[in-house]
Amino acid sequence: KVVWCGLSAVTPAALYLVMARWFTRTAAVLAALLCALGFGSFVMAVSLNNEAPYALLVVCIAGVTLAWVDRPTWKLGVMLGVMHGAAMLLRAEHLLLMEMLCAVGAWRLWRGRVAAGRIATQTLWVLLAAVAVCAPWSLRAHAAAERFNTQAAPLPYAMAQPPWTPAAQAFMDGLPAF
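Presented here is a report on the structure given in the accompanying data block.

Definitions and cut-offs
Residues numbered from 1 in each chain as written. Predicted model: local features only at pLDDT ≥ 70, side-chain atom pairs only at ≥ 80, totals over all residues. Heavy atoms only, no water. Patch = residues over 30% accessible without salt bridge, like charges linked within 9 Å, V, L, I, M, F, W, Y side chains within 5 Å. Areas by Shrake-Rupley, 256 points an atom, 1.4 Å probe, with all protein chains shown as cover. Salt bridge = Lys/Arg side-chain N within 4 Å of Asp/Glu carboxyl O. Helix = DSSP H or I, 4+ residues; strand = E, 2+ residues; numbered from the N terminus. Buried < 20%, exposed > 50% of the residue type's maximum accessible area, 1.4 Å probe, protein only. Contact = heavy atoms within 4.5 Å. Core = buried A, V, L, I, M, F, W, Y, C linked by side-chain atoms within 4.5 Å.

### Regarding a nonpolar patch on the surface
- Together, Val-29, Leu-33, Leu-37 and Phe-42 give the surface a local cluster of nonpolar side chains, amounting to about 400 Å² of exposed area.
- When you line up the elements, Leu-33 lands in helix α2 (residues 25–37).
- According to the relative accessible area criterion, Leu-33 is partly exposed, its value standing at 45%.

Encoded structure:
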């Protein structure tokens, strides 16, 4: 819980730094205060779920996305992709936010007269890094589901009440376990 409290304490500070860099100091102070004093921050700080690290990641992703749009480099793209990958491991729906941020970033680069090939390359760095972070967990989860489907113990039909008919047993045995 101490680590989660630390993550929750760092989030308003990170939000202040991001907001002060890209907006005004007044907006940064207000955003950081609202983040620090919000009821959700207190709840996230003391409950062991993925919200505290995810909140910090989203703030960092916003800051790095703004920097990446300002000066797109492969290093920022990879850093952004790694953060997106970690966020997707915490929240599955983060994929939607990553897609939107990449699209907005690409659009902003295009409006800044950056060549289409460079935009595609920079966006590809983000996507490849995100996939590289998520791939080990995805492959392991696939292997576990495959193992579960092929090595599942048979159902104890003899103990079932009411008794199962042979046709119902055959039907159930034909279904995948997972």
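Still more to cover.
### Overview of the pattern of salt bridges
- This model, assessed by the stated rule, comprises two salt bridges.
- Ionic pairing is found between Glu-93 and Arg-91, a salt bridge with its closest N-O pair at 2.5 Å.

### Remarks on the side chain of His-84
- Relative to the elements of secondary structure, His-84 occurs in helix α5 (residues 74–90).
- His-84 has contacts with Ile-61, His-94, Met-98, Leu-101, Val-126 and Ala-130, leaving out every residue within four places of it along the chain.

### Brief notes about the nonpolar core
- Within the largest apolar cluster, 21 residues are counted, with the highest numbers of intra-cluster contacts made by Trp-68 and Leu-80.
- Looking at this core, the elements that each hand over two or more residues are α4 (51–70), α5, α6 (94–111) and α7 (116–151).
- Considering every element that reaches this core, the biggest residue donor is α4, with seven residues.
- Residue contacts for Trp-68: discarding those within four places in its chain leaves Thr-73, Leu-76, Gly-77, Leu-80, Gly-105, Leu-109, Gln-122, Thr-123 and Val-126.
- Listed in part, the nine residues of the second largest apolar core include Val-18, Met-19, Leu-56 and Val-59.

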